[in-house]
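Observations on the three-dimensional arrangement
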Amino acid sequence: DTAREQYRRAEVLGRTARNAELRVRAWVGYSIVARLRGNYPEVRKWAARAAAEADRAELIALGSLAYHSLMVAAAVAGDFDTALVYGWRAFRGSVGDRPREAQMLLDLSQLLFDSGHPASAVHGFAAALARRPAARVALPALGGLARAAAALGDAARVRVAHARAEALIATINLPYDVASALVEFAQALATIGALAAAAECRSGALELAARHNYHEIAHRASEVLTVRRPSQAERRRH
């Protein structure tokens, strides 16, 4: 509520001063607040307004943020084709700012993976990592890379990503990010049949989830199958 009020004040100042940048910043802020509240019609309303004004005023970086919100809203609605268009525009608007490039590539690659394009997602996650992002971006990029590679049957790439993540986790104190990444690696490792390693990642995620009350992480981790189920023939023999 406090953030929404500050954005409202910025919008009033922008309107009074006829300053397009202040108005766009306020509208982008409205869209982010709406996203945090899960109000996606409001996200679309304000992000579309911000994107149109940013394009008109040639505010490229701010337009990138607006298109990112539109990408998220479209993805939540299941409109992956439109989300990919918005995601690409968000990335193009971030070019030249390597930390933001990495974040946009991460989100775009996750969208590619979720929409059934693991090969393209692998390249996107690798491109995000090539920009040497901070741990908050690097960890989910490594997890996404592992899952996309696992979907392609590339076990070697999964193991390399896992090793890089383990080295990074040893140097940071980001429990939520670590727990989320461990779930990703549990899923990827289980997919390639590395069940012992998958079980270890799953246990680590569940431990962090219990310690910090990460209920969503606990739910995701509990759904990862890390023990091979016997076939029907094996069950009949026993």
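The numbers attached to residues start from 1 for each chain and follow its sequence in the written order. Note on the predicted model: pLDDT of at least 70 is required for a residue's local features to be given, and 80 or more for side-chain atom pairs to be given and counted; whole-chain, interface and lining totals, by contrast, use all residues. By convention in this description, side-chain values take in all heavy atoms of the structure and omit both hydrogens and water.

**Topic: the pattern of salt bridges**
Salt bridges are defined as contacts in which a side-chain nitrogen from Lys or Arg sits within 4 Å of a carboxyl oxygen from Asp or Glu. On inspection of all chains with the given rule, the structure shows 15 salt bridges. Here Glu 21 makes a salt bridge to Arg 25, at a shortest N to O gap of 3.0 Å. Of this pair, Glu 21 and Arg 25 are both found in helix α2 (residues 20-36), 4 residues apart, which corresponds to roughly one turn of the helix. Put simply, Arg 89 and Asp 55 hold a salt bridge, and the shortest N to O gap is 3.4 Å. In this pair, Arg 89 is assigned in helix α5 (residues 80-94) and Asp 55 in helix α3 (residues 40-57), connecting sequence segments 34 residues apart. Each of the salt bridges in this network shares a partner with another, and the network as a whole consists of Arg 147, Glu 184, Glu 216 and Arg 220. Runs of H or I in DSSP of at least four residues are treated as helices and runs of E of at least two as strands, each being numbered from the N terminus.

**Description of helix α10 (residues 175-191)**
Here α10 spans 24 Å end to end across 17 residues, near enough to the 24 Å set by a 1.5 Å rise per residue. With respect to burial, α10 is a largely interior element, 12 of its 17 residues being buried. Contacts are residue-level and defined by heavy atoms, with any inter-residue pair within 4.5 Å sufficient. The secondary structure elements touched by the buried residues of α10 are α8 (135-151), α9 (155-169), α11 (195-212) and α12 (215-222). Backbone geometry just downstream of α10 places Gly 193 in the positive-phi region, at approximately 90°. Multiplying one less than the number of residues by 1.5 Å gives the expected span of a helix. We call a residue buried when its accessible area falls under 20% of the maximum for its residue type, exposed when it is over 50%, and partly exposed in between, using a 1.4 Å probe and counting protein chains only.

**With respect to unusual backbone geometry**
Located in the positive-phi region is Arg 18, a residue other than glycine, with phi close to 55°. Mapping Arg 18 onto the fold places it in the loop between α1 (2-17) and α2. A positive phi angle, near 60°, is found at Asn 213, a position not held by glycine. The exposed category is assigned to Asn 213, whose relative accessible area is 54%.

**Focus: the nonpolar core**
By size, the foremost hydrophobic cluster in this structure holds 47 residues, and its most contacted members are Phe 125, Val 158, Phe 185 and Leu 189. Here the element with the most residues in this core is α8; it accounts for 10 residues. Setting aside anything within four residues of it in sequence, one finds Val 158 in contact with Ala 146, Ala 149, Ala 150, Ala 188, Leu 189 and Ile 192. Of all hydrophobic cores here, the second largest spans 19 residues; its members include Tyr 30, Ala 54, Leu 105 and Ala 128. Nine residue types can take part in a nonpolar core, namely buried Ala, Val, Leu, Ile, Met, Phe, Trp, Tyr and Cys, and a core is a set of them joined through side-chain atoms within 4.5 Å.

Coordinates in, geometry out; function isn't part of it.
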